Amino acid sequence: MKRRQFVNRAATSSLALAFMGTLACKQDSKKSTEKGAENKVDSSAIQAEEAAMFFQISLAQWSFHRALKSGKMDNLDFASKARELGCEGLEYVNQFFADKAKDKAYLTTMNERAAAEGLQNVLVMIDGEGNLADADAKKRLQAIENHYKWVEAANFLGCHAIRVNLGGGKQMEAAAKAAVDSLTKLSEFAKDAKIDILVENHGGFSSNGAWLAGVMKEVNLENCGTLPDFGNFCIEYGENYSCAKEYPRYQGIEEMLPFAKAISAKSHDFDDQGNETNIDYLRVMKMVKDAGYRGFVGIEYEGRVLSEEEGIIKTRDLLLKVGKELGA
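Each residue is numbered by its place in its chain's sequence as written, counting from 1. Local features are withheld for residues below a pLDDT of 70 in this predicted model, meaning they are given only at 70 or higher, and side-chain atom pairs are given and counted only at 80 or more; totals for whole chains, interfaces and linings count all residues. As a rule here, side-chain values come from all non-hydrogen atoms in the structure, and water together with hydrogens is ignored.

1. What to know about helix α5 (residues 137-157)
In plain terms, the rule: The way it works is that DSSP assigns letters per residue, a run of H or I at least four long becomes a helix, a run of E at least two long becomes a strand, and they are numbered from the N terminus. Here the expected span of a helix is defined as 1.5 Å times the quantity of residues minus one. Contact definition: two residues touch when any of their heavy atoms are within 4.5 Å. Polar contacts, as counted here, are pairs of nitrogen or oxygen atoms within 3.5 Å of one another; within protein the pair requires one atom able to donate a hydrogen and one able to accept it, and residues that are adjacent in sequence qualify only if both atoms are side-chain atoms.
Given a rise of 1.5 Å per residue, 21 residues ought to cover 30 Å, and the 31 Å separating the end C-alpha atoms of α5 matches this to within 8%. At its buried positions, α5 is contacted by α4 (104-116), β3 (120-125), β4 (161-164), α6 (172-191) and β5 (196-200). At the N-terminal end of α5, a side-chain oxygen is found 3.0 Å from the backbone nitrogen of K138, two or three residues along, and the residue is D136. Looking one or two residues beyond α5, the residue adopting positive phi is G158, at roughly 80°.

Okay, here's the thing in structure tokens:
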């Protein structure tokens, strides 16, 4: 399959300039609190920065998974928090509104909250609905059906995609065959709804870039692609779920990029210069740009040293710095 350029459906010009201007404001992340008062958009700074980036910044809801799971944050507050932190797009995680896939009133409220903040609903990450490469054919077919309601929900929310998982495989070749069948069926179902089916390197064989690229080539459907995550390349786990063996990070990202329709900027820790300690963001984002990707890059902070909000701010500022360096 030839390398494709993914052009996000959202209008980017005015929002991108506004976003860059907003983030030009001085913010002291060390003084950030969960209230986030210091990080709200300053409209007077909208025109302060004119340089445009080749991507927009969205916020993956998983960045706030501790606050959401503890009840400190509600799913419906996600949009206002993302706007407060200067993001333009919203990447939802279905487990934070797991029983609402068919609740049109609730989904309407989600749309209203996003619209009120001037944000775009980008995608929904799907967990807990079964593994699409499951060795058990009955379970796998049920998993496919379980995803249908989320395709419809994503369409109602105005998203362009859902992210799915290809776990459950026992043997590499058999798992690939099962994955191709599942993705083909799900992508064909999602076609009329104009929803892309995206696979993240998210455990199992999917964290093997070559394996996943092979699956994409076999599926060969326009609305089926990848969501490269800067992390998540563990292919063998040891005790206490520690990673015993990791697939080469940059190789894996490069192998996934020709099929990318979304990007996940994973982060954990930062040095004194604001760089991610284990991921070369400049190198990765240059790869993303060179692949022809134009669309949202989602912040997904998973660290524990900083608060969730501080980690999001650090990741955002790093993406902004790298984006300005790489240009449009």
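Next comes the rest of the write-up.
2. So, the packing of helix α9 (residues 281-290) against helix α10 (residues 308-326)
As a reminder, the rule being used: Axis definition: a line fitted to C-alpha atoms, limited for helices to the stretch in contact. Angles are taken between N-to-C directions and run from 0 to 180 degrees. Working rule for angles: under 35 degrees goes down as roughly parallel, over 145 as roughly antiparallel, 65 to 115 as roughly perpendicular, anything else as oblique. Take the far helix as your reference; a near helix turned counterclockwise from it by less than a right angle gives a left-handed crossing, and one turned clockwise gives a right-handed crossing. Residues are grouped as follows: Ala, Val, Leu, Ile, Met, Phe, Trp, Tyr, Cys and Pro are nonpolar; Asp, Glu, Lys and Arg are charged; every other residue, Gly included, is polar.
Relative to each other, α9 and α10 sit at 55°, their axes nearing to 10 Å. Viewed along their axes, α9 and α10 adopt a mutual orientation that is oblique. Remark: the crossing between α9 and α10 carries right-handed chirality. Where α9 abuts α10, its residues Y281, L282, M285, K286 and K289 lie against T315, L318, L319, V322, E325 and L326. A breakdown of the residues in the contact of α9 with α10 according to their chemical character gives seven nonpolar, one polar and three charged.

3. So, the packing of α4 against α5
Put simply, α4 and α5 touch, their axes get as near as 9 Å, and they point 40° apart. In terms of axis orientation, α4 runs oblique to α5. For the pair α4 and α5, the crossing hand works out as right-handed. Contacts between α4 and α5 involve K104, L107, T108, M110 and N111 from the first element and A153, F156 and L157 from the second. Residues of the contact of α4 with α5, tallied by class, amount to five nonpolar, two polar and one charged.

4. Regarding the sheet that holds strand β2 (residues 89-93)
Spelled out, the test is: Here, a strand pair is defined by DSSP locating no fewer than two bridges between the strands.
Judged by pairing direction, the sheet is parallel, and its eight strands sit side by side in the order β6-β5-β4-β3-β2-β1-β10-β9 without closing on themselves. The outermost strands of the open sheet, each flanked by one partner alone, are β6 (224-227) and β9 (263-267). Adjacent strand axes in the sheet meet at a mean angle of 30°, parallel and antiparallel pairs treated alike. Relative to β6, β5 runs parallel, the two being bridged by four bridges. Directly across from V199, in β6, lies its bridge partner T226. This element, α5, spans β3, β4 and β5 of the sheet and lies at about 145° to β4. On the sheet, α10 packs against β1 (56-60), β9 and β10 (296-301) and is oriented at approximately 145° with respect to β10.

5. Some details on the packing of aromatic side chains
Filter applied, for reference: The criterion for an aromatic pair is that two Phe, Tyr or Trp rings (for Trp, the six-membered ring) have centres within 6.5 Å, with stacked assigned to planes under 30 degrees apart, edge-to-face to planes over 60 apart and tilted to the rest. For a lysine, the NZ atom is tested; for an arginine, the CZ atom; a charge sits over a ring if that atom is within 6 Å of the ring centre and within 35 degrees of the ring normal.
In the structure shown here, the tally under the stated rule is 10 aromatic pairs. Relative to F97, the ring of Y92 lies with its centre 6.0 Å away and its plane at 75°, an arrangement referred to as edge-to-face. The structure contains a cluster of three or more aromatic residues connected by ring pairs, namely F78, Y92, F97 and W150. Here the basic side chain of K100 rests over the ring of Y106, its NZ or CZ set 5.1 Å away from the ring centre. Seen from the ring of Y250, R283 lies directly overhead, with NZ or CZ sitting 3.9 Å from the centre.

6. A few points about the confidence of the model for the protein
For the record, the criterion: Values of pLDDT, ranging from 0 to 100, describe the predictor's confidence in every residue of the model.
Averaged over all residues, the pLDDT of the protein is 87; the fraction at 70 or higher stands at 84%. Low pLDDT, under 50, characterises residues 1-39; the predicted model gives this stretch 102 contacts beyond four residues in sequence or across chains.

7. Here's the deal with the pairing of β10
Stated precisely, the cut-off is as follows: Buried residues are those whose accessible area, probed at 1.4 Å on protein chains only, stays under 20% of the maximum for their type, while exposed residues exceed 50% and partly exposed ones sit between those limits.
Within β10, six of the six residues are buried, leaving the element largely enclosed by the surrounding structure. The pairing of β1 with β10 spans four bridges and is parallel. Paired with S58 across the two strands is G298, which belongs to β10. The pairing of β9 with β10 spans five bridges and is classified as parallel.

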